[in-house]
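As a plain string of letters, each chain reads:
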Amino acid sequence: MPWRTEGAVWSVRLRTTIFWSLLGVTAFNALSSMVSGVALLATGDLGMPATFLETSPFPSFTVPGVILVVVVGGTQAVASALLVVRRESALFWSAVAGFGMLIWIFTEVVFIREASWLQVLYFATGTVQLVLVLALLGIVSWLPRAPLRRPAVPERRPVGSSR
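Quick summary incoming for the structure in this document. (Residues numbered from 1 in each chain as written. Predicted model: local features only at pLDDT ≥ 70, side-chain atom pairs only at ≥ 80, totals over all residues. Heavy atoms only, no water.)

## Some thoughts on the overall build of the chain
For step 1, the next point in the chain: Counting secondary structure elements, the chain contains four helices and zero strands.
For step 2, the next point in the chain: Element order for the chain, N to C, with α for helix and β for strand: α-α-α-α.
For step 3, the next point in the chain: Expressed as a percentage of its 163 residues, the buried residues of the chain come to 34%.
For step 4, the next point in the chain: Across the chain, the fraction of contacts at a sequence separation of at least 24, relative to all contacts at a separation of at least 6, is 73%. (Helix = DSSP H or I, 4+ residues; strand = E, 2+ residues; numbered from the N terminus. Buried < 20%, exposed > 50% of the residue type's maximum accessible area, 1.4 Å probe, protein only. Contact = heavy atoms within 4.5 Å.)

## With respect to the packing of aromatic side chains
For step 1, the next point in the chain: Taken as a whole and judged by the stated rule, the model has four aromatic pairs.
For step 2, the next point in the chain: For the pair Phe19 and Trp20, a centre-to-centre distance of 5.3 Å together with 85° between the ring planes defines the contact as edge-to-face.
For step 3, the next point in the chain: Overall, Trp20 belongs to the partly exposed group, its relative accessible area being 47%.
For step 4, the next point in the chain: With a centroid separation of 5.8 Å and an interplanar angle of 10°, the aromatic rings of Phe28 and Tyr122 are classed as stacked. Residue Phe28 is found in helix 1 (residues 2–43), and its partner Tyr122 is found in helix 4 (residues 117–136); the two are separated by 94 residues along the sequence.
For step 5, the next point in the chain: Exposure remark for Phe28: the relative accessible area of 38% places this residue in the partly exposed category.
For step 6, the next point in the chain: In this structure Tyr122 comes out as buried when scored by relative accessible area, which is 15%. (Phe/Tyr/Trp six-rings, centres within 6.5 Å; stacked < 30°, edge-to-face > 60°.)

## Some points on the nonpolar core
Soluble, globular proteins show a tendency: their nonpolar side chains are buried together.
For step 1, the next point in the chain: Among the nonpolar cores identified, the biggest contains 17 residues, and Ile18, Leu22, Leu83, Leu91, Leu136 and Leu148 are the most heavily contacted of them.
For step 2, the next point in the chain: When contributions to this core are tallied by element, the ones reaching two or more residues are helix 1, helix 2 (62–84), helix 3 (89–112) and helix 4.
For step 3, the next point in the chain: Considering each element in turn, this core owes the most residues, five residues, to helix 4.
For step 4, the next point in the chain: Grouped together as the second largest cluster of nonpolar side chains are six residues, Leu68, Val72, Met101 and Trp104 included. (Core = buried A, V, L, I, M, F, W, Y, C linked by side-chain atoms within 4.5 Å.)

## Observations concerning the pattern of salt bridges
For step 1, the next point in the chain: A full pass over the atoms with the stated rule returns one salt bridge.
For step 2, the next point in the chain: Here Glu88 ties to Arg145 by a salt bridge, and the two come within 2.4 Å at their closest N and O atoms. Residue Glu88 is found in the loop between helix 2 and helix 3, and its partner Arg145 is found in the segment after helix 4; the two are separated by 57 residues along the sequence.
For step 3, the next point in the chain: On the accessibility criterion, Glu88 (35% relative accessible area) is partly exposed.
For step 4, the next point in the chain: For Arg145, a relative accessible area of 37% puts it in the partly exposed group. (Salt bridge = Lys/Arg side-chain N within 4 Å of Asp/Glu carboxyl O.)

Shown next, in the form of structure tokens:
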């Protein structure tokens, strides 16, 4: 039936697009979290007023900078690396990293009591990351779950070989 073949091709293309989108969002989150955390540690405050810390448990921006690099950026980096090598655990780590991003932004807004376009952006990237993970897990009937690894390609043998 030709419609089944077209549906299968469409499904593979959609899964491929979702996979590469997840990798892109995750790599973006990893890189920007780590760079921002390192910049925060290097400058001490990235130009943010000390009043941002008044309602937080932190006396300086050092601990938030370390959390941003190690926890937020680290989980995103682990997820990115696992996606690149197409390990099944990549979806778990991508979900952990996405939730970590949402928790980071939510906590930041609560402590700072202000919001900026960057917080909206990173809350959106964390949300998109989770939606893409759910899509790859096959939560909708029209996009069933499939392994991240591509099937092994059979070894090609020269014509006339005995093996």
